[in-house]
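Each chain is listed here by its residues.
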Amino acid sequence: MFETFETLFWIFAKIWAVLIPLFLAVAYFTYMERRVIGHMQDRRGPNRVGYKGLLQPFADALKLLFKEISVPTHANRVLFLLAPALSIGPAVAVWAVIPFADGWVVADINAGLLYILAMTSLGVYGIIVAGWASNSKYALLGTLRASAQVVSYEIAMGFALVGVLMAAGTMNLSGIVEAQAGPFWNWFWLPLLPLFLVYWVSGVAETNRAPFDVAEGESEIVAGFHVEYSGMAFAVFFLAEYANMILICVIAAVMFLGGWYSPFHGVPVLGPALDWVPGIVWLLLKAGFFAFCYLWFRATFPRYRYDQIMRLGWKVLIPVTVVWLVVLTVLIYAGVGPWF
Amino acid sequence: MEQAVFYLFAAILLFAATMVITVRNPVQAALFLVLAFFNAAVLWVLAGAEFLGIALVVVYVGAVMVLFLFVVMMLDITVAPVREGFARYLPVGLVVAVLMALQLGVVILSDEVALVGGLIPEPAADVNNIRAIGGVLYTVYVYPFEIAAVILLVAIIAAITLTLRRRTNMKHQDIPEQLNVHKDDRLRVLKMETERRPDRGGVGHEEG
């Protein structure tokens, strides 16, 4: 009996060891977004709360915490309040299988990659339920756009990850990273370059971010599926969206950029010289680059038109992945390069 | 511990399945079906079939039910008339239910399956659920597997052809043509002399 409690305690300890840094990362990702985009647009961004505005995320969170959660008339009250939970649940559950460094993973399961696909595909329920339960036409339109987009890009993303699975020969995420052991030309981004690009584009589309953010489309449908939400309920949606963005960045680093390995791992002089850097630093640096790209895109690109988004997903990205899977089969069969 | 988890999720599964057929609102029924699928997946994972469990979530919960919900949300189904034919369809429903119960009973009680009292053998340490399924699927069952894939492909093509309709009076966007357009096709650059100030009796314009 005591052992059961001890196991449970350790499981909870591991979960919080992932969740607390994750929530902090989300908070400071919003701060980073506002500062970075501010500088890209030649203004300062938030700089009043705390030193250089560093306490701004907490000020925002407190403000949202004290606001009233208003439920629209004739809304389905139960589903309306359930929707934020449906969207944050999968968004944090995925993190269970992410390896942050060698052996730093909450649940080292064999079907890790499949689990990621399953959990990310669950996130769409939060969107659908929120839009339907709000009893608002803007929310419903936003829902239709968002969920159609997420469902479409999931296919391209799944195919891109199938390529990783073929190259690594395992679905275990730690195994995938270990299959890329070596300097940066050993990582999967090189043999899987088209799949890598497809993954990254569909990752941006999957999280409904600029330039694929028609689901929000302020000028047309106000704010999308969460237009009727206020206070903490809105904050939870926000948290889920940003947690998903960080997740896409970390998965990109794990699947294609060698996870926790340093870029010169195994190289004669530079390799041992960089060995003192812990693995998680490399992972965070790689993921941080993608996170910056998210913001860069948002500050730079104009919004796609809706039919163009659909065309890109179905008629460009999916054929590219299918073709490259065939090429990849040949590459693996011929045992090309340092990879296979 | 494992039994407690099993009974918890089995109870939720039964509750959700009952709600699917008793709840009045079709959207809520679909959501309860999602819950039922999810709990079934948990039971499979608990039984050691992690691949099947997660595949159930990916395929049914992540894809099929999303489209299902889409359709139900779009249709304006009024709640009351759905129940009208209850007495009329009861005999058919009962026959189907009895048949399904019989089939399940035959499978569970048969000697070949030996589910009653039979224990699932512990997998060896280095054998991976997914690897094992993949190995069997692509060797022993390769023909049924491929045939099923072809049937699905035929179904996809059939569905697309059935719903494909070309409208003649619609303005289409031809993307390759748009991409191939050249500056010279759209734009003519004229060389003009700068205009003079109209200070000489109002005759300012000259042909450039």
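No experiment lies behind these values; they were computed from the predicted model shown.

## Observations regarding the state of the cysteines
Residue and element names in this part refer to chain A.
Thought 1: Under the criterion given, the structure shown has zero disulfides over all chains.
Thought 2: Just so you know, Cys249 is unpaired, no disulfide at all, and the nearest cysteine sulfur is the one on Cys293, 8.3 Å from it.
Thought 3: On the accessibility criterion, Cys293 (6% relative accessible area) is buried.

## Structural notes on empty space enclosed by the protein
Residue and element names in this part refer to chain A.
Thought 1: As enumerated under the stated definition, the model contains two cavities of 30 Å³ or more in all.
Thought 2: Considering only enclosed or pocket space, the largest cavity measures out at about 330 Å³ in volume.
Thought 3: For the largest cavity, the lining is made up of 22 residues, of which Gly123, Ile127, Glu206, Thr207 and Asn244 are closest to its centre.
Thought 4: Among the elements of the structure, helix H3 (77–93), helix H4 (112–122), helix H5 (124–133) and helix H10 (231–256) are those that each provide at least two residues to the lining of the largest cavity.
Thought 5: Of the residues forming the lining of the largest cavity, the biggest block, six residues, is contributed by H10.
Thought 6: Residue composition of the lining of the largest cavity, grouped by class: twelve nonpolar, seven polar and three charged.
Thought 7: By volume, the second largest cavity is sized at about 30 Å³.
Thought 8: In terms of residue class, the lining of the second largest cavity is built from five nonpolar, three polar and one charged.

## A few points about the nonpolar core
Thought 1: Core analysis: the largest hydrophobic core is formed by 115 residues, its most contacted members being Trp95(A), Ile98(A), Tyr125(A), Tyr199(A), Trp200(A) and Met255(A).
Thought 2: At 17 residues, H10(A) tops the list of elements feeding residues into this core.

## As for the interface of chain B and chain A
Thought 1: Of the residues lining the interface, 26 residues belong to chain B; the matching set on chain A comes to 29 residues.
Thought 2: Counting the surface chain B buries against chain A, the share from its top three residues, Ile54(B), Phe70(B) and Met73(B), is 23%.
Thought 3: At the junction of chain B with chain A, the criterion picks out zero salt bridges.
Thought 4: The dominant element in the side of chain B that touches chain A, judged by the number of residues it contributes, is helix H3 (residues 50–74) of chain B, at 14 residues.
Thought 5: Within the side of chain B that touches chain A, the residues separate by chemical class into 19 nonpolar, five polar and two charged.

## A closer look at helix H1 (residues 2–40) of chain A
Thought 1: With 39 residues, H1(A) extends 56 Å from end C-alpha to end C-alpha; this agrees with the ideal 57 Å at 1.5 Å per step.
Thought 2: Looking one or two residues beyond H1(A), the residue adopting positive phi is Asp42(A), at roughly 65°.

## Here we look at unusual backbone geometry
Residues and elements named next belong to chain A.
Thought 1: The phi dihedral of Asn135 falls on the positive side, at around 55°, and the residue is not glycine.
Thought 2: Structurally, Asn135 is set in the loop between H5 and helix H6 (137–168).
Thought 3: The backbone phi angle of Asn208 is positive, close to 55°, even though this residue is not glycine.
Thought 4: Within the secondary structure, Asn208 is located in the loop between helix H8 (193–206) and helix H9 (218–221).

## Concerning the layout of surface pockets
Thought 1: Roughly 2000 Å³ of internal volume is contained in the largest pocket.
Thought 2: Lining of the largest pocket is provided by 42 residues; of these, Val162(A), Phe51(B), Val59(B), Tyr138(B) and Phe145(B) occupy positions nearest its centre.
Thought 3: Elements that contribute at least two residues to the lining of the largest pocket include exactly H4 and H6 of chain A together with H3, helix H5 (129–139) and helix H6 (142–163) of chain B.
Thought 4: Ranked by residues supplied to the lining of the largest pocket, first place goes to H3(B) with eleven residues.
Thought 5: Here the residues of the lining of the largest pocket sort into 30 nonpolar, nine polar and three charged.

## With respect to the side chain of Glu206(A)
Residue and element names in this part refer to chain A.
Thought 1: Turning to its location among the elements, Glu206 is positioned in helix H8.
Thought 2: Only 3.5 Å separates the side chain of Glu206 from the backbone nitrogen of Glu154, close enough to count as a polar contact.
Thought 3: Ignoring sequence-local partners within four residues, the contact set of Glu206 consists of Thr120, Val150, Tyr153, Glu154 and Met157.

## Quick look at the packing of H4(A) against H5(A)
Residues and elements named next belong to chain A.
Thought 1: For the pair H4 and H5, interaxial distance at closest approach is 4 Å and the crossing angle is 10°. As far as their axial angle goes, H5 and H4 are roughly parallel. Between H4, through Thr120, Ser121 and Leu122, and H5, the contact on the second element is made entirely by Val124, Tyr125 and Gly126.
Thought 2: Of the residues in the contact of H4 with H5, the class split is three nonpolar, three polar and no charged.

## A look at the packing of aromatic side chains
Residue and element names in this part refer to chain A.
Thought 1: According to the stated counting rule, one finds 28 aromatic pairs over all chains in the structure shown.
Thought 2: Considering the side-chain rings of Trp200 and Tyr294, the 5.2 Å spacing of their centres and the 75° angle between planes classify their relative orientation as edge-to-face. Here Trp200, found in helix H8, pairs with Tyr294, found in helix H12 (residues 279–300); they are 94 residues apart in sequence, far enough to count as distant. Like Tyr294, Trp200 is buried.
Thought 3: Ring geometry for Trp260 and Tyr261: centres 5.7 Å apart, planes at 40°, overall tilted.
Thought 4: Judged by relative accessible area, which is 7%, Trp260 ranks as buried.

Rules used throughout
- Residue numbering note: each chain is counted from 1, following its sequence as written.
- Chains and ligands are labelled by the order in which they are written, letters from A for the one and numbers from 1 for the other.
- Where local features are concerned, this predicted model is filtered to residues with pLDDT of at least 70; where side-chain atom pairs are given and counted, the filter is 80 or more; whole-chain, interface and lining totals use all residues.
- The basis for every side-chain value is the complete set of non-hydrogen atoms in the structure, without hydrogens or water.
- A pair of sulfur atoms, both from cysteines and within 2.5 Å, is called a disulfide here.
- For the exposure calls, accessible area comes from a 1.4 Å probe over protein chains only, and a residue counts as buried if that area is under 20% of its type's maximum, exposed if over 50%, partly exposed in between.
- Using protein atoms alone on a 1 Å grid, points that fit a 1.4 Å probe yet trap it form a cavity, whereas open point sets bounded by protein on both sides within 12 Å along at least five of seven lines form a pocket; residues with an atom within 4 Å of a point count as lining.
- Grid points are joined across faces, edges and corners, and a volume is the space filled by probe spheres set on the points.
- Labels follow the DSSP assignment, with helices taken as runs of H or I lasting at least four residues and strands as runs of E lasting at least two, numbered in each case from the N terminus.
- Just so you know the grouping, Ala, Val, Leu, Ile, Met, Phe, Trp, Tyr, Cys and Pro go in nonpolar, Asp, Glu, Lys and Arg go in charged, and all remaining residues, Gly too, go in polar.
- Residue types Ala, Val, Leu, Ile, Met, Phe, Trp, Tyr and Cys, when buried and joined through side-chain atoms within 4.5 Å, form a set referred to as a nonpolar core.
- Residue contacts follow a heavy-atom distance rule, with two residues in contact if any of their heavy atoms lie within 4.5 Å.
- Buried area is a sum: the accessible area each of two parts loses on coming together, probed at 1.4 Å, counted once for each and added.
- The salt bridge definition used is simple: a Lys or Arg side-chain nitrogen within 4 Å of an Asp or Glu carboxyl oxygen.
- In this analysis, the expected span of each helix is defined as 1.5 Å times one less than the number of residues it contains.
- Polar contact criterion, stated in full: a pair of N or O atoms within 3.5 Å, where within protein one must be able to donate a hydrogen and the other to accept it, and residues adjacent in sequence count only if both atoms are side-chain atoms.
- Every axis corresponds to a line fitted to the C-alpha atoms, with the helix fit spanning only the stretch in contact, and the corresponding angles, defined between N-to-C directions, vary from 0 to 180 degrees.
- In what follows, roughly perpendicular refers to angles from 65 to 115 degrees, roughly parallel to angles under 35, roughly antiparallel to angles over 145, and oblique to any angle outside these ranges.
- A pair of Phe, Tyr and Trp rings is counted when the ring centres sit within 6.5 Å of each other, with Trp represented by its six-membered ring. The angle between the planes then sorts it: under 30 degrees is stacked, over 60 is edge-to-face, the rest tilted.

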